[in-house]
Amino acid sequence: MPATAANAVRAEGRPVAQRTIHVIVPIALKEVMEELGPDFERDTGYRLGTTLMLNPQVPDYVAAHDDWDIAITNPWHVNEIVAAGHALAESHRALARSPLAFGARGVSEARPTTSSEGIKAALKAAEKIGFTGIGTSGDKFRSLAQSLGILTELEGKLVPLEGGGPMRALQAGEVDLAALPLTNIAPVAGVSAVAVCPEAMDVHIDISLCLRPTAPDSVHDLVNWLIDPQLDDRLRALGAERFAL
């Protein structure tokens, strides 16, 4: 893992302060941060305190609270936060891009379909499709169904749910498919992505971050750790690719 300022302090024999870094994490990256967070804590001695919410909720939370150091959300929501004066524009960094995908129960060795016809067939074959009602991925899903010309046909089988609800419903057998960012599917045992939307469909979910203007050095350590290219392969395995703002 990449070196950080905290590693350097530890190497010199001085104790690292046990400080909690407060991070707003979108539900789209819940499993990713659960996978990566312990490594950062072990490598640096810092602690991560995460607050989970849907992407559209982040700007309002930031405006009403001062208990955050890093806000991770869609780039357009980061722009809202910056425009409101709650973060500096230069702190806006691209983090990861996750394709919209469709998960089903069971482990499959088959490659997920990425063609328009394959995705359309998977959606039409499902009896119930869970999606996040007010989340970014839910908006992307409806946009996809509209572009495929099947939104009206699907309406009777769509199940809008709260954040985290589509995966819970899928695991409970309440829906056949869960429409989610691949980052919510790839790390989860017992489910597989049966369809993944290619970038050309323009329904991917971009995630970036910004910092509280008074953020201490420890927060910059976490940002540098998260955007380090050495993390790219692990992010890819968890359903995300890097992108540029």
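Rules and cut-offs
Residues numbered from 1 in each chain as written. Predicted model: local features only at pLDDT ≥ 70, side-chain atom pairs only at ≥ 80, totals over all residues. Heavy atoms only, no water. Helix = DSSP H or I, 4+ residues; strand = E, 2+ residues; numbered from the N terminus. Rg over C-alpha atoms; globule rule 2.2 N^0.38 Å. Contact = heavy atoms within 4.5 Å. Lys, Arg positive; Asp, Glu negative; His and termini not counted. Charge placed at Lys NZ, Arg CZ, Asp CG, Glu CD. 1 Å grid on protein atoms, 1.4 Å probe; cavity = no way out; pocket = protein on both sides within 12 Å on 5 of 7 lines; lining within 4 Å. Points joined across faces, edges and corners; volume = space filled by probe spheres on them. Nonpolar A, V, L, I, M, F, W, Y, C, P; charged D, E, K, R; others polar. Polar contact = N/O pair within 3.5 Å; in protein donor to acceptor, adjacent residues only side chain to side chain. Axes fitted to C-alpha atoms, helices over the stretch in contact; angles between N-to-C directions. Parallel < 35°, antiparallel > 145°, perpendicular 65-115°, else oblique. Left-handed = near helix turned anticlockwise from the far one by under 90°.

Some words on the overall build of the protein chain
Of the regular secondary structure elements, the protein chain holds 10 helices and 10 strands. A globule of 245 residues ought to have a C-alpha radius of gyration of about 18 Å, and the protein chain, at 19 Å, matches this closely. Taken along its principal axes, the extent of the C-alpha atoms in the protein chain is 60 × 40 × 30 Å. Sequence-distant contacts, at least 24 apart, represent 79% of the contacts inside the protein chain between residues at least 6 apart. Counting 21 positive and 31 negative side-chain charges, the protein chain places the averaged centre of each group 3 Å from the other.

Looking at empty space enclosed by the protein
Evaluated as defined, the whole model comprises 2 cavities of 30 Å³ or more. In this model, the largest cavity occupies a volume close to 110 Å³. Around the largest cavity, the lining is made up of 14 residues, and of these Ile-27, Ala-28, Leu-54, Thr-132 and Ser-137 lie nearest the centre. The set of elements that each furnish at least two residues to the lining of the largest cavity consists of helix H6 (136–147) and strand S8 (177–181). For the lining of the largest cavity, the class distribution of residues is 7 nonpolar, 7 polar and no charged. In this model, the second largest cavity occupies a volume close to 50 Å³. Lining of the second largest cavity is provided by Leu-29, Val-32, Met-33, Leu-36, Leu-95, Ala-96, Leu-226, Leu-231 and Leu-235. Looking at the lining of the second largest cavity, the elements that each hand over two or more residues are helix H2 (30–44) and strand S4 (93–98). The dominant element in the lining of the second largest cavity, judged by the number of residues it contributes, is H2, at 3 residues. Here the lining of the second largest cavity is built from residues that sort into 9 nonpolar, no polar and no charged.

Concerning the side chain of His-92
In this structure, His-92 sits in the loop between helix H4 (75–83) and S4. Among the polar contacts made by the side chain of His-92, one reaches the side chain of Ser-208 at a distance of 2.8 Å. Residues within four places of His-92 in sequence aside, it is in contact with Pro-75, Val-78, Asn-79, Ser-208, Leu-209 and Leu-245.

Considering the environment of Gly-239
Relative to the helices and strands, Gly-239 resides in the segment after helix H10 (232–237). With residues near it in sequence (within four places) discarded, Gly-239 still touches Arg-97, Ser-98, Pro-99, Leu-182, Thr-183 and Ala-186.

Some remarks on the environment of Glu-41
Relative to the elements of secondary structure, Glu-41 occurs in helix H2. Linking Glu-41 and Pro-181, residues 140 residues apart in sequence, is a C-alpha distance of 25 Å. The residues contacting Glu-41, other than those within four sequence positions of it, are Tyr-46, Arg-47 and Leu-48.

Digging into the packing of H2 against helix H9 (residues 217–227)
In contact at an axis separation of 11 Å, H2 and H9 are set at 125 degrees when each is read in the N-to-C sense. Classified by the angle between their axes, H2 and H9 sit oblique to one another. H9 is crossed by H2, and the crossing has right-handed handedness. Here Met-33, Leu-36, Asp-39, Phe-40 and Asp-43 of H2 lie close against H9, whose contacting residues are Asp-221, Leu-222, Trp-225 and Leu-226. Considered class by class, the residues forming the contact of H2 with H9 number 6 nonpolar, no polar and 3 charged.

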